[in-house]
Amino acid sequence: MTVPFIGKQLKNRTVLASGILGNSKDILERVHEQGCGLVTMKSIGPEPRDGHKNPTVIDLGCGMINAVGLPSPGYQDMEEEWAELESRNFPVNASIYGGSVEEFQRVAKFVSAKGPDFIEINISCPNSEKHGMLFGVNRQSAHDVVSAVKKVIDVPLIAKLTPQAIDIGDIAKACQDAGADAICAINTVGPGMVIDIEAQMPILAFQKGGLSGPMIKPVAVRCVFDIYKAVTIPIIGLGGISTGEDAIEMIMAGASLVGIGSAVRYRGINVFEKVAREMDEWLLSHNTSFKEIHGAAHQQN
Amino acid sequence: MEIKSQQKPLMLRVEKKIMESKEFATLFFKYPLPFIPGQFVMVWIPGFDEKPYTISFHDQDGFAITIEAKGLFSKKAITLDKGEIVGIRGPFGNGFTIHQNKRVAVVAGGCGMAPLAPLVETLDQETIFIQGARTKEFILFPDRFKFEPQYCTDDGSFGHKGFVTDLLKASISSKKNIDIVYTCGPEIMMHKVFEICEASKIPCQVSLERYMRCGFGVCGACVCGKEIVCKDGPVFESQTLRNMKDFNTKALLKSGKAVDLPDYFSWRCK
(Lines give C-alpha, C1' and ligand atoms only; values in the text may rest on other atoms or scores of the structure.)
Protein backbone atom coordinates (compact mmCIF):
# COMPACT_ATOMS: atom_id res chain seq x y z
CA MET A 1 0.00 0.00 0.00
CA THR A 2 1.41 3.40 -0.92
CA VAL A 3 1.18 6.64 1.01
CA PRO A 4 -0.26 9.71 -0.73
CA PHE A 5 1.71 12.91 -0.19
CA ILE A 6 0.80 16.16 -2.01
CA GLY A 7 -0.22 14.41 -5.20
CA LYS A 8 2.54 11.79 -5.20
CA GLN A 9 2.52 8.19 -4.05
CA LEU A 10 5.33 7.16 -1.68
CA LYS A 11 6.13 3.57 -0.78
CA ASN A 12 6.12 4.34 2.94
CA ARG A 13 6.24 7.25 5.40
CA THR A 14 10.03 7.50 5.77
CA VAL A 15 12.01 10.41 4.35
CA LEU A 16 15.78 10.82 4.01
CA ALA A 17 16.72 14.03 5.82
CA SER A 18 18.55 16.62 3.76
CA GLY A 19 22.31 16.66 4.24
CA ILE A 20 22.55 12.95 4.93
CA LEU A 21 24.13 11.06 1.99
CA GLY A 22 22.15 12.49 -0.96
CA ASN A 23 25.19 13.54 -2.99
CA SER A 24 24.42 11.66 -6.20
CA LYS A 25 21.70 9.78 -8.02
CA ASP A 26 23.42 6.48 -7.25
CA ILE A 27 23.39 6.94 -3.51
CA LEU A 28 19.84 8.37 -3.50
CA GLU A 29 18.75 5.29 -5.42
CA ARG A 30 20.44 3.04 -2.87
CA VAL A 31 18.67 4.81 0.01
CA HIS A 32 15.39 4.32 -1.87
CA GLU A 33 16.20 0.65 -2.35
CA GLN A 34 16.95 0.39 1.36
CA GLY A 35 13.36 1.26 2.07
CA CYS A 36 13.12 5.06 2.02
CA GLY A 37 9.81 6.51 0.82
CA LEU A 38 11.17 9.93 -0.18
CA VAL A 39 14.83 10.80 -0.62
CA THR A 40 16.09 14.36 -0.22
CA MET A 41 19.06 15.71 -2.13
CA LYS A 42 21.80 17.63 -0.35
CA SER A 43 20.92 21.31 -0.25
CA ILE A 44 21.62 23.09 -3.53
CA GLY A 45 22.98 26.63 -3.28
CA PRO A 46 23.32 29.69 -5.47
CA GLU A 47 27.12 29.42 -5.82
CA PRO A 48 29.72 26.65 -5.64
CA ARG A 49 30.60 26.20 -1.99
CA ASP A 50 33.08 23.87 -0.28
CA GLY A 51 31.57 23.91 3.18
CA HIS A 52 33.76 24.08 6.25
CA LYS A 53 37.09 22.51 7.05
CA ASN A 54 37.09 19.32 9.13
CA PRO A 55 36.25 18.35 11.78
CA THR A 56 32.71 18.85 10.53
CA VAL A 57 30.78 15.91 12.02
CA ILE A 58 31.29 14.36 15.45
CA ASP A 59 29.31 11.52 17.00
CA LEU A 60 28.55 12.33 20.63
CA GLY A 61 26.87 8.99 21.32
CA CYS A 62 23.52 10.56 22.22
CA GLY A 63 23.46 12.15 18.77
CA MET A 64 25.77 14.16 16.57
CA ILE A 65 27.02 17.70 16.20
CA ASN A 66 27.82 18.94 12.72
CA ALA A 67 28.85 22.02 10.85
CA VAL A 68 29.39 20.68 7.36
CA GLY A 69 28.53 24.13 6.06
CA LEU A 70 26.25 23.61 3.08
CA PRO A 71 28.70 22.32 0.47
CA SER A 72 27.20 22.50 -3.01
CA PRO A 73 28.48 22.51 -6.57
CA GLY A 74 26.05 25.39 -7.07
CA TYR A 75 22.78 25.05 -8.97
CA GLN A 76 24.34 25.89 -12.34
CA ASP A 77 26.91 23.11 -12.18
CA MET A 78 24.83 19.98 -11.61
CA GLU A 79 23.77 19.11 -15.15
CA GLU A 80 25.17 15.58 -15.08
CA GLU A 81 23.38 14.81 -11.85
CA TRP A 82 20.08 16.13 -13.18
CA ALA A 83 20.55 14.15 -16.39
CA GLU A 84 21.06 10.99 -14.34
CA LEU A 85 18.08 11.76 -12.12
CA GLU A 86 15.83 12.09 -15.16
CA SER A 87 15.72 8.31 -15.56
CA ARG A 88 14.97 7.67 -11.87
CA ASN A 89 12.13 5.44 -10.74
CA PHE A 90 11.76 7.03 -7.31
CA PRO A 91 10.50 10.39 -6.02
CA VAL A 92 13.07 13.06 -5.15
CA ASN A 93 12.88 16.07 -2.88
CA ALA A 94 15.32 18.82 -3.92
CA SER A 95 16.54 20.89 -0.99
CA ILE A 96 17.71 24.41 -1.81
CA TYR A 97 19.20 27.35 0.07
CA GLY A 98 20.06 30.97 -0.56
CA GLY A 99 21.35 34.06 1.18
CA SER A 100 18.51 36.32 0.05
CA VAL A 101 14.96 36.06 -1.25
CA GLU A 102 16.31 36.72 -4.74
CA GLU A 103 18.85 33.90 -4.43
CA PHE A 104 16.24 31.45 -3.17
CA GLN A 105 14.02 32.42 -6.07
CA ARG A 106 16.77 32.09 -8.68
CA VAL A 107 17.85 28.64 -7.45
CA ALA A 108 14.25 27.45 -7.03
CA LYS A 109 13.20 28.47 -10.53
CA PHE A 110 16.18 26.69 -12.08
CA VAL A 111 15.78 23.56 -9.97
CA SER A 112 12.03 23.37 -10.58
CA ALA A 113 12.68 23.10 -14.31
CA LYS A 114 14.82 20.01 -13.65
CA GLY A 115 11.77 18.11 -12.51
CA PRO A 116 12.21 17.11 -8.87
CA ASP A 117 9.01 15.86 -7.24
CA PHE A 118 9.23 18.42 -4.46
CA ILE A 119 11.34 21.45 -3.57
CA GLU A 120 12.30 21.90 0.06
CA ILE A 121 13.53 25.34 1.02
CA ASN A 122 16.11 25.22 3.76
CA ILE A 123 15.33 28.32 5.80
CA SER A 124 16.82 26.79 8.88
CA CYS A 125 20.51 25.86 8.56
CA PRO A 126 22.59 27.02 11.53
CA ASN A 127 25.90 26.19 9.88
CA SER A 128 26.52 28.98 7.46
CA GLU A 129 27.54 32.59 7.91
CA LYS A 130 24.61 33.98 6.01
CA HIS A 131 22.46 31.26 4.52
CA GLY A 132 19.22 30.04 5.83
CA MET A 133 18.30 30.28 9.43
CA LEU A 134 17.57 33.99 9.43
CA PHE A 135 14.48 33.36 7.29
CA GLY A 136 13.20 30.68 9.60
CA VAL A 137 13.10 32.71 12.80
CA ASN A 138 11.04 35.64 11.55
CA ARG A 139 7.45 35.28 10.37
CA GLN A 140 7.67 38.08 7.77
CA SER A 141 10.93 36.78 6.26
CA ALA A 142 9.54 33.25 6.17
CA HIS A 143 6.43 34.53 4.42
CA ASP A 144 8.46 36.57 1.92
CA VAL A 145 10.78 33.77 0.89
CA VAL A 146 8.01 31.15 0.61
CA SER A 147 5.74 33.36 -1.47
CA ALA A 148 8.63 34.44 -3.72
CA VAL A 149 9.69 30.84 -4.34
CA LYS A 150 6.13 29.58 -4.73
CA LYS A 151 5.61 32.01 -7.63
CA VAL A 152 8.44 30.55 -9.71
CA ILE A 153 8.15 26.78 -9.22
CA ASP A 154 5.89 24.11 -10.68
CA VAL A 155 6.29 21.50 -7.96
CA PRO A 156 5.02 21.38 -4.37
CA LEU A 157 6.98 23.51 -1.90
CA ILE A 158 8.11 22.20 1.48
CA ALA A 159 9.42 24.70 4.05
CA LYS A 160 12.09 23.30 6.37
CA LEU A 161 11.97 25.03 9.73
CA THR A 162 14.33 25.60 12.62
CA PRO A 163 13.56 24.89 16.28
CA GLN A 164 15.33 28.17 17.09
CA ALA A 165 12.17 30.08 16.17
CA ILE A 166 10.52 31.51 19.25
CA ASP A 167 7.11 30.35 18.02
CA ILE A 168 7.59 27.69 15.36
CA GLY A 169 3.81 27.29 14.94
CA ASP A 170 3.60 30.93 13.97
CA ILE A 171 6.40 30.55 11.42
CA ALA A 172 4.71 27.46 9.99
CA LYS A 173 1.43 29.37 9.68
CA ALA A 174 3.25 32.19 7.86
CA CYS A 175 4.66 29.61 5.43
CA GLN A 176 1.24 28.06 4.88
CA ASP A 177 -0.31 31.49 4.26
CA ALA A 178 2.44 32.22 1.74
CA GLY A 179 1.61 29.06 -0.21
CA ALA A 180 3.79 26.30 1.26
CA ASP A 181 2.40 22.85 0.53
CA ALA A 182 4.04 21.15 3.50
CA ILE A 183 6.26 21.83 6.49
CA CYS A 184 9.40 19.88 7.32
CA ALA A 185 10.58 20.19 10.92
CA ILE A 186 13.03 20.28 12.49
CA ASN A 187 16.48 21.16 11.24
CA THR A 188 19.32 20.66 13.72
CA VAL A 189 19.09 22.17 17.20
CA GLY A 190 21.43 24.80 18.56
CA PRO A 191 23.93 25.67 17.42
CA GLY A 192 25.87 23.93 20.14
CA MET A 193 29.55 23.61 20.87
CA VAL A 194 31.87 20.86 22.05
CA ILE A 195 35.26 21.90 23.41
CA ASP A 196 38.11 19.45 23.61
CA ILE A 197 39.68 20.07 26.98
CA GLU A 198 43.09 18.71 25.99
CA ALA A 199 43.29 20.83 22.85
CA GLN A 200 41.47 23.65 24.70
CA MET A 201 39.45 24.57 21.64
CA PRO A 202 36.13 23.72 19.97
CA ILE A 203 36.39 20.45 18.06
CA LEU A 204 34.42 21.62 15.04
CA ALA A 205 36.44 23.82 12.69
CA PHE A 206 33.39 26.12 12.46
CA GLN A 207 33.34 26.02 16.27
CA LYS A 208 29.55 25.76 16.50
CA GLY A 209 27.31 23.12 15.00
CA GLY A 210 23.79 21.79 14.84
CA LEU A 211 22.72 18.94 17.11
CA SER A 212 20.86 15.94 15.77
CA GLY A 213 19.98 12.40 16.74
CA PRO A 214 18.27 10.92 19.81
CA MET A 215 19.15 13.84 22.11
CA ILE A 216 16.95 16.27 20.15
CA LYS A 217 13.84 14.11 19.77
CA PRO A 218 11.83 15.79 22.54
CA VAL A 219 12.48 19.20 20.96
CA ALA A 220 11.42 17.85 17.55
CA VAL A 221 8.25 16.27 18.92
CA ARG A 222 7.29 19.51 20.68
CA CYS A 223 7.90 21.52 17.49
CA VAL A 224 5.80 19.19 15.35
CA PHE A 225 3.08 19.30 18.03
CA ASP A 226 3.07 23.14 17.88
CA ILE A 227 3.10 23.18 14.08
CA TYR A 228 0.21 20.70 13.84
CA LYS A 229 -1.89 23.02 15.98
CA ALA A 230 -1.09 25.98 13.72
CA VAL A 231 -1.45 24.60 10.18
CA THR A 232 -3.57 22.30 8.03
CA ILE A 233 -0.86 21.34 5.49
CA PRO A 234 1.01 18.05 6.04
CA ILE A 235 4.14 17.88 8.18
CA ILE A 236 7.33 15.89 7.69
CA GLY A 237 8.44 15.35 11.28
CA LEU A 238 12.09 14.67 11.97
CA GLY A 239 14.68 14.98 14.67
CA GLY A 240 16.01 11.98 16.54
CA ILE A 241 13.85 9.31 14.94
CA SER A 242 15.62 5.94 15.07
CA THR A 243 12.83 3.40 15.60
CA GLY A 244 9.26 2.67 14.60
CA GLU A 245 8.12 3.77 18.06
CA ASP A 246 9.91 7.12 17.62
CA ALA A 247 8.08 7.49 14.31
CA ILE A 248 4.73 6.65 15.90
CA GLU A 249 5.38 9.30 18.55
CA MET A 250 6.08 11.86 15.82
CA ILE A 251 2.88 10.89 13.99
CA MET A 252 0.91 11.29 17.22
CA ALA A 253 2.40 14.80 17.48
CA GLY A 254 1.02 15.49 14.02
CA ALA A 255 3.53 14.35 11.39
CA SER A 256 2.34 12.67 8.17
CA LEU A 257 5.82 11.54 7.15
CA VAL A 258 8.90 11.00 9.29
CA GLY A 259 12.43 12.05 8.38
CA ILE A 260 15.49 10.03 9.29
CA GLY A 261 19.07 11.28 9.28
CA SER A 262 21.47 10.56 12.13
CA ALA A 263 19.94 7.11 12.66
CA VAL A 264 21.73 6.02 9.48
CA ARG A 265 24.77 6.10 11.77
CA TYR A 266 23.15 4.12 14.56
CA ARG A 267 21.12 1.53 12.62
CA GLY A 268 22.69 1.44 9.16
CA ILE A 269 21.53 2.63 5.76
CA ASN A 270 18.61 0.18 5.86
CA VAL A 271 17.18 2.03 8.88
CA PHE A 272 14.38 3.17 6.55
CA GLU A 273 12.95 -0.29 5.94
CA LYS A 274 13.46 -1.12 9.62
CA VAL A 275 11.52 1.94 10.82
CA ALA A 276 8.77 1.44 8.21
CA ARG A 277 8.38 -2.20 9.23
CA GLU A 278 8.41 -1.39 12.94
CA MET A 279 5.72 1.25 12.40
CA ASP A 280 3.55 -1.29 10.59
CA GLU A 281 4.11 -3.86 13.31
CA TRP A 282 3.18 -1.37 16.03
CA LEU A 283 -0.01 -0.36 14.23
CA LEU A 284 -0.92 -3.99 13.68
CA SER A 285 -0.22 -5.05 17.26
CA HIS A 286 -2.34 -2.12 18.52
CA ASN A 287 -5.07 -2.86 16.02
CA THR A 288 -4.99 0.72 14.79
CA SER A 289 -4.10 2.75 11.71
CA PHE A 290 -2.17 5.86 10.71
CA LYS A 291 -5.44 7.74 10.37
CA GLU A 292 -6.47 6.93 13.93
CA ILE A 293 -3.19 7.91 15.56
CA HIS A 294 -2.33 10.92 13.37
CA GLY A 295 -2.26 13.87 15.79
CA ALA A 296 -3.70 11.68 18.50
CA ALA A 297 -1.64 13.42 21.19
CA HIS A 298 -3.76 16.52 20.66
CA GLN A 299 -7.00 14.87 21.78
CA GLN A 300 -6.75 15.93 25.41
CA ASN A 301 -5.96 19.51 24.51
CA MET B 1 40.81 -1.60 30.00
CA GLU B 2 38.15 -2.06 27.36
CA ILE B 3 39.56 -1.51 23.89
CA LYS B 4 37.07 0.40 21.80
CA SER B 5 36.89 2.69 18.82
CA GLN B 6 36.82 6.41 19.49
CA GLN B 7 33.94 8.69 18.51
CA LYS B 8 35.03 12.06 19.89
CA PRO B 9 38.69 12.76 19.05
CA LEU B 10 41.00 10.94 21.44
CA MET B 11 43.87 13.33 22.11
CA LEU B 12 47.19 11.53 21.85
CA ARG B 13 50.79 12.68 21.85
CA VAL B 14 53.12 11.60 19.08
CA GLU B 15 55.22 8.92 20.79
CA LYS B 16 57.80 8.59 18.04
CA LYS B 17 58.35 9.83 14.51
CA ILE B 18 60.28 8.06 11.78
CA MET B 19 61.08 9.92 8.58
CA GLU B 20 60.86 7.07 6.10
CA SER B 21 62.17 9.38 3.38
CA LYS B 22 62.04 13.07 2.59
CA GLU B 23 58.30 12.88 1.95
CA PHE B 24 57.11 9.98 4.12
CA ALA B 25 56.77 10.13 7.88
CA THR B 26 55.39 7.54 10.28
CA LEU B 27 53.84 8.82 13.50
CA PHE B 28 53.53 6.35 16.38
CA PHE B 29 50.95 6.58 19.16
CA LYS B 30 50.77 4.62 22.36
CA TYR B 31 47.14 3.62 22.73
CA PRO B 32 45.44 0.25 22.24
CA LEU B 33 42.92 0.48 19.42
CA PRO B 34 40.75 -2.34 18.07
CA PHE B 35 41.89 -2.91 14.52
CA ILE B 36 41.50 -4.90 11.31
CA PRO B 37 44.16 -4.28 8.62
CA GLY B 38 42.78 -1.79 6.11
CA GLN B 39 40.81 0.28 8.63
CA PHE B 40 41.52 3.99 9.00
CA VAL B 41 41.42 6.73 11.62
CA MET B 42 40.46 10.40 11.30
CA VAL B 43 43.47 12.46 12.35
CA TRP B 44 42.81 15.95 13.72
CA ILE B 45 45.51 18.56 14.01
CA PRO B 46 43.78 20.99 16.38
CA GLY B 47 43.16 24.35 14.78
CA PHE B 48 44.16 23.05 11.35
CA ASP B 49 42.11 20.25 9.75
CA GLU B 50 41.21 16.57 10.02
CA LYS B 51 41.91 13.83 7.44
CA PRO B 52 41.64 10.05 7.14
CA TYR B 53 44.75 7.85 7.37
CA THR B 54 44.96 4.08 7.29
CA ILE B 55 46.79 2.43 10.13
CA SER B 56 50.27 1.30 9.05
CA PHE B 57 51.48 -0.35 12.28
CA HIS B 58 49.47 -2.00 14.99
CA ASP B 59 50.16 -4.01 18.11
CA GLN B 60 48.51 -4.41 21.49
CA ASP B 61 50.04 -1.22 22.89
CA GLY B 62 49.75 1.18 20.00
CA PHE B 63 49.52 2.05 16.36
CA ALA B 64 51.00 4.30 13.69
CA ILE B 65 49.99 6.17 10.60
CA THR B 66 52.22 6.85 7.62
CA ILE B 67 51.88 10.13 5.82
CA GLU B 68 53.01 11.11 2.35
CA ALA B 69 53.49 14.88 2.09
CA LYS B 70 51.24 15.79 -0.81
CA GLY B 71 48.63 18.37 0.18
CA LEU B 72 48.34 21.10 2.80
CA PHE B 73 47.39 18.74 5.62
CA SER B 74 49.98 16.06 4.98
CA LYS B 75 52.76 18.63 4.57
CA LYS B 76 51.83 19.95 8.00
CA ALA B 77 51.40 16.46 9.47
CA ILE B 78 54.92 15.29 8.59
CA THR B 79 56.33 18.23 10.58
CA LEU B 80 54.65 17.05 13.79
CA ASP B 81 57.26 16.06 16.37
CA LYS B 82 57.38 13.75 19.33
CA GLY B 83 55.17 15.09 22.11
CA GLU B 84 52.83 17.06 19.86
CA ILE B 85 49.15 16.37 20.28
CA VAL B 86 46.63 15.17 17.68
CA GLY B 87 43.06 13.91 17.88
CA ILE B 88 42.19 10.41 16.70
CA ARG B 89 38.69 9.16 15.80
CA GLY B 90 38.09 5.57 14.77
CA PRO B 91 39.14 3.11 13.56
CA PHE B 92 36.43 3.28 10.93
CA GLY B 93 35.39 1.25 7.92
CA ASN B 94 35.81 -2.30 6.80
CA GLY B 95 39.29 -3.70 6.46
CA PHE B 96 40.66 -6.54 4.37
CA THR B 97 39.10 -9.96 4.71
CA ILE B 98 42.08 -12.10 5.57
CA HIS B 99 42.32 -15.58 4.15
CA GLN B 100 44.94 -17.68 5.94
CA ASN B 101 45.66 -20.99 4.16
CA LYS B 102 45.18 -19.41 0.76
CA ARG B 103 47.76 -18.42 -1.80
CA VAL B 104 47.93 -14.69 -1.49
CA ALA B 105 49.40 -11.92 -3.61
CA VAL B 106 49.93 -8.45 -2.15
CA VAL B 107 50.44 -5.61 -4.61
CA ALA B 108 51.48 -2.23 -3.18
CA GLY B 109 52.15 1.05 -4.96
CA GLY B 110 53.85 3.97 -3.21
CA CYS B 111 52.12 4.97 0.01
CA GLY B 112 49.61 2.20 -0.67
CA MET B 113 52.05 0.03 1.26
CA ALA B 114 50.76 1.65 4.47
CA PRO B 115 47.42 -0.22 4.87
CA LEU B 116 48.89 -3.41 3.42
CA ALA B 117 51.79 -3.58 5.88
CA PRO B 118 49.77 -4.79 8.90
CA LEU B 119 48.03 -7.25 6.58
CA VAL B 120 51.35 -8.70 5.39
CA GLU B 121 52.38 -9.09 9.03
CA THR B 122 49.37 -11.31 9.73
CA LEU B 123 50.17 -13.73 6.89
CA ASP B 124 51.98 -16.96 7.70
CA GLN B 125 51.72 -18.66 4.34
CA GLU B 126 53.97 -18.24 1.32
CA THR B 127 53.01 -14.96 -0.28
CA ILE B 128 53.66 -13.23 -3.57
CA PHE B 129 54.58 -9.74 -2.47
CA ILE B 130 55.03 -7.01 -5.06
CA GLN B 131 55.98 -3.49 -4.12
CA GLY B 132 56.47 -0.57 -6.47
CA ALA B 133 57.18 3.13 -6.26
CA ARG B 134 58.30 6.05 -8.38
CA THR B 135 61.93 5.71 -7.32
CA LYS B 136 63.96 3.82 -4.75
CA GLU B 137 63.44 6.64 -2.26
CA PHE B 138 59.68 6.06 -2.26
CA ILE B 139 59.85 2.36 -1.36
CA LEU B 140 58.14 2.24 2.01
CA PHE B 141 59.23 -0.07 4.85
CA PRO B 142 62.14 -1.92 3.20
CA ASP B 143 63.40 -4.69 5.54
CA ARG B 144 60.21 -4.66 7.61
CA PHE B 145 58.69 -7.93 6.49
CA LYS B 146 59.62 -11.56 6.70
CA PHE B 147 58.74 -11.89 3.00
CA GLU B 148 61.14 -10.32 0.55
CA PRO B 149 59.07 -8.25 -1.89
CA GLN B 150 59.65 -8.18 -5.61
CA TYR B 151 60.50 -4.52 -6.08
CA CYS B 152 59.89 -2.30 -9.04
CA THR B 153 60.33 1.40 -9.69
CA ASP B 154 59.18 3.67 -12.48
CA ASP B 155 62.76 4.75 -13.16
CA GLY B 156 64.46 1.44 -12.50
CA SER B 157 66.42 2.84 -9.55
CA PHE B 158 65.44 -0.21 -7.52
CA GLY B 159 64.31 -3.64 -8.66
CA HIS B 160 62.45 -4.14 -11.92
CA LYS B 161 62.03 -1.05 -14.10
CA GLY B 162 58.34 -0.81 -14.74
CA PHE B 163 55.05 -1.36 -13.02
CA VAL B 164 53.75 -3.66 -10.30
CA THR B 165 51.20 -4.91 -12.81
CA ASP B 166 54.03 -6.30 -15.00
CA LEU B 167 55.21 -8.39 -12.05
CA LEU B 168 51.70 -9.49 -11.14
CA LYS B 169 51.04 -10.61 -14.70
CA ALA B 170 54.32 -12.50 -14.74
CA SER B 171 53.43 -14.27 -11.50
CA ILE B 172 50.03 -15.25 -12.80
CA SER B 173 51.34 -16.48 -16.17
CA SER B 174 54.10 -18.51 -14.49
CA LYS B 175 51.22 -20.67 -13.28
CA LYS B 176 51.50 -19.65 -9.69
CA ASN B 177 48.03 -20.41 -8.43
CA ILE B 178 46.90 -17.24 -6.69
CA ASP B 179 43.67 -17.44 -4.68
CA ILE B 180 43.39 -13.80 -3.73
CA VAL B 181 45.05 -10.46 -4.48
CA TYR B 182 45.18 -7.54 -2.03
CA THR B 183 46.12 -4.15 -3.43
CA CYS B 184 46.52 -0.51 -2.52
CA GLY B 185 48.15 2.31 -4.43
CA PRO B 186 47.18 4.88 -7.03
CA GLU B 187 43.61 4.18 -8.19
CA ILE B 188 44.67 3.70 -11.80
CA MET B 189 47.12 1.02 -10.63
CA MET B 190 44.49 -0.70 -8.49
CA HIS B 191 42.10 -0.68 -11.42
CA LYS B 192 44.74 -2.34 -13.60
CA VAL B 193 45.31 -4.94 -10.88
CA PHE B 194 41.57 -5.50 -10.73
CA GLU B 195 41.36 -5.97 -14.51
CA ILE B 196 44.23 -8.44 -14.48
CA CYS B 197 42.54 -10.37 -11.67
CA GLU B 198 39.21 -10.35 -13.48
CA ALA B 199 40.83 -11.72 -16.64
CA SER B 200 42.33 -14.55 -14.58
CA LYS B 201 39.23 -15.01 -12.40
CA ILE B 202 41.15 -14.20 -9.23
CA PRO B 203 39.20 -12.39 -6.50
CA CYS B 204 40.79 -9.17 -5.35
CA GLN B 205 40.39 -6.58 -2.60
CA VAL B 206 41.30 -2.93 -3.13
CA SER B 207 41.51 -0.03 -0.70
CA LEU B 208 39.95 3.17 -2.08
CA GLU B 209 40.49 6.79 -1.10
CA ARG B 210 38.00 9.66 -1.29
CA TYR B 211 37.57 13.04 0.43
CA MET B 212 35.90 12.31 3.77
CA ARG B 213 34.13 14.22 6.50
CA CYS B 214 32.25 12.15 9.09
CA GLY B 215 34.08 8.82 8.71
CA PHE B 216 30.98 6.80 9.59
CA GLY B 217 28.68 6.85 6.61
CA VAL B 218 26.24 9.72 7.07
CA CYS B 219 27.54 12.84 5.34
CA GLY B 220 27.93 11.39 1.85
CA ALA B 221 31.17 13.22 1.01
CA CYS B 222 32.97 10.01 -0.01
CA VAL B 223 30.29 8.20 -2.02
CA CYS B 224 31.62 6.21 -4.96
CA GLY B 225 28.77 4.91 -7.08
CA LYS B 226 26.37 3.28 -4.64
CA GLU B 227 29.08 2.66 -2.07
CA ILE B 228 30.05 4.80 0.90
CA VAL B 229 33.83 4.55 1.03
CA CYS B 230 34.24 5.37 4.75
CA LYS B 231 31.58 2.91 5.86
CA ASP B 232 31.22 0.16 3.22
CA GLY B 233 34.96 0.40 2.45
CA PRO B 234 37.61 1.60 2.23
CA VAL B 235 38.33 -2.00 1.21
CA PHE B 236 36.10 -3.37 -1.55
CA GLU B 237 35.96 -6.82 -3.11
CA SER B 238 35.76 -7.71 -6.82
CA GLN B 239 32.05 -8.38 -6.68
CA THR B 240 31.35 -4.79 -5.56
CA LEU B 241 34.00 -3.27 -7.83
CA ARG B 242 32.39 -4.79 -10.93
CA ASN B 243 29.32 -2.65 -10.40
CA MET B 244 31.04 0.45 -9.02
CA LYS B 245 30.87 2.80 -11.95
CA ASP B 246 32.92 5.55 -10.28
CA PHE B 247 35.88 3.20 -9.65
CA ASN B 248 38.82 4.73 -11.54
CA THR B 249 36.56 7.29 -13.18
CA LYS B 250 34.96 9.84 -10.83
CA ALA B 251 35.29 11.32 -7.36
CA LEU B 252 33.56 14.13 -5.50
CA LEU B 253 35.27 17.41 -4.69
CA LYS B 254 34.65 19.06 -1.32
CA SER B 255 31.63 20.86 -2.83
CA GLY B 256 30.09 17.53 -3.79
CA LYS B 257 30.81 18.10 -7.49
CA ALA B 258 31.70 14.85 -9.26
CA VAL B 259 34.80 15.24 -11.43
CA ASP B 260 37.13 12.97 -13.41
CA LEU B 261 39.70 11.25 -11.25
CA PRO B 262 42.77 13.19 -12.49
CA ASP B 263 41.01 16.47 -11.62
CA TYR B 264 40.16 15.09 -8.20
CA PHE B 265 43.75 14.05 -7.48
CA SER B 266 45.23 17.32 -8.65
CA TRP B 267 42.82 19.11 -6.29
CA ARG B 268 43.79 16.78 -3.42
CA CYS B 269 47.48 17.51 -3.93
CA LYS B 270 47.06 21.26 -3.81
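How each quantity is defined
- Residues numbered from 1 in each chain as written.
- Chains lettered and ligands numbered in written order.
- Predicted model: local features only at pLDDT ≥ 70, side-chain atom pairs only at ≥ 80, totals over all residues.
- Heavy atoms only, no water.
- Pairing = 2+ DSSP bridges.
- Helix = DSSP H or I, 4+ residues; strand = E, 2+ residues; numbered from the N terminus.
- Core = buried A, V, L, I, M, F, W, Y, C linked by side-chain atoms within 4.5 Å.
- Buried < 20%, exposed > 50% of the residue type's maximum accessible area, 1.4 Å probe, protein only.
- Contact = heavy atoms within 4.5 Å.
- Domains from an automatic or database assignment.
- Buried area = accessible area lost by both parts, 1.4 Å probe.
- Polar contact = N/O pair within 3.5 Å; in protein donor to acceptor, adjacent residues only side chain to side chain.

### Focus on the sheet that holds strand β11 (residues 160-161) of chain B
Residues and elements named next belong to chain B. Pairing within the open sheet is mixed, and its seven strands lie in the order β11-β10-β9-β8-β12-β13-β16. Edge positions in the sheet fall to β11 and β16 (235-237), since each has one partner strand and no second. As defined by bridge partners, strand β10 (residues 150-153) adjoins β11 across two bridges and the pair is classed as parallel. Pairing of Cys 152 across the sheet is with His 160, part of β11.

### Observations regarding the nonpolar core
One finds Ile 121, Leu 161 and Cys 175 of chain A together with Leu 168 and Val 181 of chain B to be the most contacted residues of the largest nonpolar core, which totals 148 residues. Not counting residues within four places of it along the chain, the set of residues in contact with Ile 121 of chain A comprises Ile 96, Phe 104, Val 145, Val 146, Val 149, Leu 157, Ile 158, Ala 159 and Lys 160 of chain A.

### Topic: the domain arrangement of chain B
All names here are of chain B. Its domain assignment divides chain B into domain 1 (6-92), domain 2 (96-203) and domain 3 (208-270). The centre of domain 1, based on its C-alpha atoms, is set 21 Å off from the matching centre of domain 3. Domain 1 puts 11 residues into the contact, and the matching count from domain 3 is 12 residues. Buried surface at the junction of domain 1 and domain 3, both sides included, amounts to about 880 Å², of which 59% is carbon and sulfur. Seen at the junction of domain 1 and domain 3, the total is two residue pairs in polar contact (both at pLDDT 80 or more). Elements with a minimum of two residues in the side of domain 1 that touches domain 3: β4 (40-45), β5 (49-58) and β7 (85-92).

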